[in-house]
There are 2 protein chains.
Amino acid sequence: MSELQSKLAEFRQLVAKIKSYEEAIGLIYWDMRTGAPKKGLASRSEVVGQLSGESFKLSVSPQMGELLAYFPENGREDELDTINRRVVRETRKEYERSVKIPPDKYQAYVVLTSQAESAWEECKHTSDYAKFQPYLEKIVAANLEFIDLWGYEGTKYNTLLDMYEPGMTVEKLDQVFGALRDKLVPLVSAIASSRNAPATSFLRQRFDIEKQKKFSLFILGQMGYDFEAGRLDETVHPFATGLNPGDVRITTRYLPEDVVSALFGTIHEGGHALYEQNISSDLIGTNLCTGTSMGIHESQSRFWENMVGRSREFWNRYYGELQRTFPGQLDQVHVEDFYRGINEVKPSLIRIEADELTYNLHIMIRYEIEKALFSESVKVADLPEFWNSKYKEYLGVEPSNDGEGVLQDVHWSGGSFGYFPSYALGNMYAAQIRHTMRQKLPQFDELAEQGNLIPIKKWLTDEIYQYGKLLTPNEIITQISGEELNPDYLVAYLEDKYKEIYKL
Amino acid sequence: MSELQSKLAEFRQLVAKIKSYEEAIGLIYWDMRTGAPKKGLASRSEVVGQLSGESFKLSVSPQMGELLAYFPENGREDELDTINRRVVRETRKEYERSVKIPPDKYQAYVVLTSQAESAWEECKHTSDYAKFQPYLEKIVAANLEFIDLWGYEGTKYNTLLDMYEPGMTVEKLDQVFGALRDKLVPLVSAIASSRNAPATSFLRQRFDIEKQKKFSLFILGQMGYDFEAGRLDETVHPFATGLNPGDVRITTRYLPEDVVSALFGTIHEGGHALYEQNISSDLIGTNLCTGTSMGIHESQSRFWENMVGRSREFWNRYYGELQRTFPGQLDQVHVEDFYRGINEVKPSLIRIEADELTYNLHIMIRYEIEKALFSESVKVADLPEFWNSKYKEYLGVEPSNDGEGVLQDVHWSGGSFGYFPSYALGNMYAAQIRHTMRQKLPQFDELAEQGNLIPIKKWLTDEIYQYGKLLTPNEIITQISGEELNPDYLVAYLEDKYKEIYKL
């Protein structure tokens, strides 16, 4: 074995070891959220702390530093194959992010965000922004300090964006979000004053939960979700977690008086899961064995939820099944009315309840706030006013208190800045992917209409899923569509769809 | 902080770290057995290997060796409080067991037993002892070699017994098993020729699984099982696993045509769980935070299953509930007939299906084989003959092939020698504990008859559960009953119970 080969073997073993810890921690979190007995949680948290600590120690160990130094950016790295080169690059990126923060500062930050999350729970409930404000101020200050340590290009906020969407910048986001906002705000406004709002009352009957579950499982199977490589459970807040490609679990939440909420939640998480289940086995045991970015990941959940699951073609195929699942409950509702009902657009205050169209505007408001915070052009104290005026401007609604306003999301209390844009990026990526797919897989609409979803899954596997993190988000979207992220596809898709539904 | 205090803190942290790994591994095994997707298992095994390896490395690390040397057996250890003294003692015992086996030999043994377990599965199925024999020969030889490295007192087999039942010896077992056998063989024989066998056909109707589940959960609650510190799932082979006292999970298996199988399985595992749920919180994060021995653990599962769950008093209280749970199915069956039916004694070939009485004889046969193997007075090749003649002698039945004979149990293929006696020890401990409990808690029978099981649980918590591994099995039984293990209590209990049922 050459020195290079033996260093590489040592390096890959170290990377796999870290990945093993992450898999164990992932399983523990899944268990905590799906049914771990509450009296065992204190001890379980110690276990998580222990495993995270060991994993972190390995990732910044002298051994790791030496191995990374052995594979310099522009030297012997060329002797490595593509996968190993990317594993080295990704590991280096994580290493440099971690070693630049002094351990005591990081430890203090972990404590701060943990306290802030508890405080947020309470302050949201009591709509008490003043009480939450000092936590948020400290978290923003800590992040600004970290950015100085990490370094940044252009503006400070870019460093945060890059953590969730590698390569994404304020410059690019300003452009795509600007284009999107200019088209969507008038469209939402036109819809709000349209006289052709769809009826929706039939969606809110009492629907047996066991039958909802059966139908959700049926649709998951139709999408090609592999039940031998995953399972569906119930939680208050649905999520997907990829422990390894052979074990990608999802959860959903059944509402007794809503026929579609659990279903669309299941399809959404199912989209995330298809991604993780179909990553190439060559990447197992490396840090490339996951989705390439939050935005591309979200593009898959939203593609399946909205562009497949909320399409007319899909329901032309599956509506009969749904009617038969709930005998007598939807017999009088025509498929066209059902389609329009599940695509109702309604400007509202709460992001997680927003429809496909207005959702993007909720995200842009958060983006503008984060951008202003990290360019230090707005004070934490002024966020409620900023928030409320933006809601009025973009969505025509105004919160009556901060609990349903600026305090509604958990993200900031945990220090997740730069994450929100992923949701809207996901919609844009999804529309751009859909556009290409309809050209290259011309029978796309027919496939949905026939309930033949497997070729769609296969196309996405070939173009996206198999690569995991081997390609960057920009490489993925360019390879698929021949161009970088372009908001026009989402605008065209939304205008086509909603102008027709609302007869505008 | 004194040097002693700081060494102690370092030591306890190391012990807690090992315990954390064990908790994580325990959860992974629980998940593997209750519903982990099968395609993820290969990767999950790597994770288990990784965590076990880290834990083992810590347990035999130079740091551990130095700390243990700091607390010598007869020196500064006296400055420690009881708990710390016992933690040191237990850790030293584990350390010495581990360091004495050369790593390559241990590694080879792990591979051997893993191959042997696979071979056993197949050989049991095809009744092919000849094919399994070489594996068993190697496993026995490896254990003999290990015993030479570990050292032994009296006979070699003692070292194996001590791993499951600290302090237990062949001398003691010969005495108690001999006394037991002398009484039970004639009793079983008398029962086999009795004309008063109870009717049992009413137990084998179709019993709705959901209702069985509901009734099992009800009984678990009555026993004082804490559902906020555990959960009940389904598996083919029921088990209990204590991850920490706040998270003790059990499983059961519902048979559609048997009203009591799942119930008694649940009570059995529930007994194990009560033990683990009620260990003192002072012991959390130490290696004392578990049952003191396999025998004492089994005494609790069997006490609850047989001495409570199969008692007349218990059913005087709960039979009405059972009848109401399955309307129309047991209405014609009198509680007395039900009581006799669930206590049927029937000499049989298969240990895990044996009744409370004959079970002990199945164990003694295995004990005599293990003892002979490790005194090298019988060859592995001769085990089938040995087995069959003992079954004829003790139980009056003979296997028609080795699959239902010597190959029936998984234990030996995994290298678990010395474990089997625990099951019969459990019965003896349970009877001895019951005897004392009826004196010190004179209303014991009434409590069961009233369905007031909590004082029973409390008494067991005070006398046994809280101590975890802080006391040895011998200390526990002596502290409770004023004498060492004595087989007469089990003999008296079984004779009283079964002579009455069979009208002998």
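Residues numbered from 1 in each chain as written. Chains lettered and ligands numbered in written order. Predicted model: local features only at pLDDT ≥ 70, side-chain atom pairs only at ≥ 80, totals over all residues. Heavy atoms only, no water.

### Quick word on the overall build of chain A
The helix and strand inventory of chain A stands at 20 helices and three strands. For chain A, whose C-alpha radius of gyration is 23 Å, the value lies close to the compact-globule estimate of 23 Å for 504 residues. For chain A, the proportion of its 504 residues judged to be buried stands at 56%. Across chain A, the fraction of contacts at a sequence separation of at least 24, relative to all contacts at a separation of at least 6, is 73%. With 56 positive and 75 negative side-chain charges, chain A shows a spacing of 3 Å between the two charge centroids. (Helix = DSSP H or I, 4+ residues; strand = E, 2+ residues; numbered from the N terminus. Rg over C-alpha atoms; globule rule 2.2 N^0.38 Å. Buried < 20%, exposed > 50% of the residue type's maximum accessible area, 1.4 Å probe, protein only. Contact = heavy atoms within 4.5 Å. Lys, Arg positive; Asp, Glu negative; His and termini not counted. Charge placed at Lys NZ, Arg CZ, Asp CG, Glu CD.)

### Digging into the UniProt feature "active site" (unreviewed entry) in chain A
Residues and elements named next belong to chain A. Under the present numbering, the feature "active site" (unreviewed entry) in UniProt falls on Glu269. Take Glu269: it is sitting in helix H10 (residues 261-277). Discounting chain neighbours no more than four positions away, the residues touching Glu269 are Pro238, Phe239, Ala240, Ile250 and Thr251. (UniProt positions renumbered as here; feature names shortened; annotations may be inferred.)

### Quick word on the sheet that holds strand S3 (residues 247-252) of chain B
Across a sheet, strands are paired by hydrogen bonds formed along the backbone, either parallel or antiparallel in direction. Residues and elements named next belong to chain B. Spatially, three strands are ordered S1-S3-S2 in an open sheet, and the strand pairing comes out mixed. Sheet topology places strand S1 (232-234) and strand S2 (240-244) at the edges, where each strand pairs with a single neighbour. Ignoring which end each strand starts from, the neighbouring axes of this sheet average 25 degrees apart. (Pairing = 2+ DSSP bridges. Axes fitted to C-alpha atoms, helices over the stretch in contact; angles between N-to-C directions.)

### Some thoughts on the nonpolar core
In this structure, Trp304(A), Trp315(A) and Phe338(A) are the most contacted members of the largest nonpolar core, which totals 191 residues. In contact with Trp304(A), not counting residues within four places along its chain, are Met223(A), Ile267(A), Gly271(A), Leu274(A), Gly309(A), Leu453(A), Ile456(A), Lys457(A), Leu460(A) and Tyr465(A). With 125 residues, the next largest nonpolar core counts Leu187(B), Trp412(B), Leu485(B) and Tyr498(B) among its residues. (Core = buried A, V, L, I, M, F, W, Y, C linked by side-chain atoms within 4.5 Å.)

### Quick notes on the environment of Leu67(A)
Residue and element names in this part refer to chain A. Inspection of the secondary structure puts Leu67 in helix H3 (residues 62-70). Judged by relative accessible area, Leu67 falls into the buried class, the value being 2%. A C-alpha to C-alpha distance of 8.3 Å links Leu67 and Leu8, two positions 59 residues apart in sequence.

### Some words on the interface of chain B and chain A
On the chain A side, the residues contacting the 34 residues of chain B number 34 residues. Taking both partners together, chain B and chain A bury about 2800 Å²; carbon and sulfur atoms supply 51% of that area. Ranking the residues of chain B by area buried against chain A places Pro37(B), Lys39(B) and Glu228(B) at the top, with a combined share of 19%. For the interface between chain B and chain A, the tally reads 14 salt bridges. With its nearest N and O atoms 3.6 Å apart, the salt bridge here joins Lys38(B) to Glu228(A). In this assembly, chain B and chain A are joined by 25 residue pairs in polar contact (both at pLDDT 80 or more). Elements that contribute at least two residues to the side of chain B that touches chain A include exactly helix H1 (3-34), helix H2 (41-59), S2 and S3 of chain B. For the side of chain B that touches chain A, the element with the highest residue contribution is H1(B), accounting for 10 residues. (Buried area = accessible area lost by both parts, 1.4 Å probe. Salt bridge = Lys/Arg side-chain N within 4 Å of Asp/Glu carboxyl O. Polar contact = N/O pair within 3.5 Å; in protein donor to acceptor, adjacent residues only side chain to side chain.)

### Let's talk about the relation of the copies chain B and chain A
Its rotation angle being 180 degrees, the transformation that places chain B on chain A also includes 0.0 Å of axial translation and leaves an RMSD of 0.0 Å. Classification of the inter-copy transformation places it as that of a two-fold axis. No C-alpha of chain B approaches the rotation axis more nearly than that of Ala24(B), which lies at 3.6 Å. (Least-squares fit on C-alpha atoms with pLDDT ≥ 70 in both.)

### Observations regarding the UniProt feature "binding site: Zn(2+)" (unreviewed entry) in chain A
Residues and elements named next belong to chain A. Cross-referencing UniProt, the feature "binding site: Zn(2+)" (unreviewed entry) maps to His268, His272 and Glu298 in the present numbering. On the basis of their most widely separated C-alpha atoms, the annotated residues across 31 residues gather in one place, lying no more than 8.8 Å apart. On the basis of relative accessible area, His268 is assigned to the buried category, the value being 12%. Ignoring any residue separated from it by four or fewer positions in sequence, one finds His268 in contact with Glu298, Ser301, Arg302 and Glu305. Relative to the assigned elements, His272 resides in helix H10. Classification of His272 by relative accessible area gives buried; the value is 12%. Those residues in contact with His272, other than ones at most four positions away along the chain, are Ala240, His297, Glu298 and Ser301.

### Some remarks on the sheet that holds strand S2 (residues 240-244) of chain A
Residues and elements named next belong to chain A. Pairing within the open sheet is mixed, and its three strands lie in the order S1-S3-S2. Looking at the sheet topology across the chains shown, the edges are occupied by strand S1 (232-234) and S2. Ignoring strand direction, the axes of neighbouring strands in this sheet form an average angle of 25 degrees. Sitting on the sheet, helix H1 (residues 3-34) is in contact with S1, S2 and strand S3 (247-252), with an inclination near 145 degrees to S2.

### A closer look at helix H2 (residues 41-59) of chain A
The end-to-end C-alpha distance of H2(A), which contains 19 residues, comes to 26 Å, matching closely the 27 Å that a straight helix rising 1.5 Å per residue would cover. Within the span of H2(A), buried status applies to Ser43(A), Arg44(A), Val47(A), Val48(A), Gln50(A), Leu51(A), Glu54(A), Ser55(A), Leu58(A) and Ser59(A). (Expected span 1.5 Å × (residues − 1).)

### Notes on the side chain of Lys457(B)
All names here are of chain B. With respect to the element layout, Lys457 can be found in helix H18 (residues 454-463). At 7.0 Å, Asp226 is the nearest oppositely charged side chain to Lys457, a buried residue that forms no salt bridge. Side-chain polar atoms of Lys457 contact the backbone oxygen of Gly224, separated by 3.5 Å. Setting aside residues up to four positions removed in sequence, Lys457 forms contacts with Met223, Gly224, Leu274, Asn278, Trp304 and Tyr465.

### As for the environment of Glu385(A)
Residue and element names in this part refer to chain A. With respect to the helices, strands and loops of the structure, Glu385 is situated in helix H15 (residues 383-395). The class of Glu385 is exposed, set by a relative accessible area of 62%. Residues Glu385 and Thr478 lie 93 residues apart in sequence; the distance between their C-alpha atoms is 39 Å.

### Brief notes about the domain arrangement of chain A
Often, the extent of an interface is quoted as the loss of accessible area on bringing the components together. All names here are of chain A. Each assigned domain of chain A is listed with its residue range as follows: domain 1 (3-99) and domain 2 (201-330 + 434-501). Distance from the C-alpha centre of domain 1 to the C-alpha centre of domain 2: 29 Å. Each side of the interface is counted separately: domain 1 has 18 residues, and domain 2 has 23 residues. For the pair domain 1 and domain 2, the summed buried surface comes to about 1700 Å²; carbon and sulfur atoms form 59% of the total. Seen at the junction of domain 1 and domain 2, the total is two salt bridges. The shortest N-O distance in the salt bridge between Arg86 and Glu475 comes to 2.8 Å. Joining domain 1 to domain 2, the criterion identifies five residue pairs in polar contact (both at pLDDT 80 or more). Elements supplying a minimum of two residues to the side of domain 1 that touches domain 2: H1 and helix H4 (82-99). In terms of residue count, the dominant contributor to the side of domain 1 that touches domain 2 is H1 (10 residues). Broken down by class, the residue content of the side of domain 1 that touches domain 2 amounts to six nonpolar, four polar and eight charged. (Domains from an automatic or database assignment. Nonpolar A, V, L, I, M, F, W, Y, C, P; charged D, E, K, R; others polar.)

### Digging into the packing of aromatic side chains
For any two aromatic rings, the description comes down to two numbers: the centre-to-centre distance and the angle of the planes. Summed over the entire model, instances satisfying the criterion amount to 62 aromatic pairs over all chains. Ring geometry for Tyr70(A) and Phe71(A): centres 5.2 Å apart, planes at 90 degrees, overall edge-to-face. On the basis of relative accessibility, which here comes to 12%, the residue Tyr70(A) falls in the buried class. Here Phe71(A) falls in the buried class, since its relative accessible area comes to 0%. Judged by centre distance (5.0 Å) and plane angle (75 degrees), the ring pair of Tyr225(B) and Phe227(B) falls under edge-to-face. (Phe/Tyr/Trp six-rings, centres within 6.5 Å; stacked < 30°, edge-to-face > 60°.)

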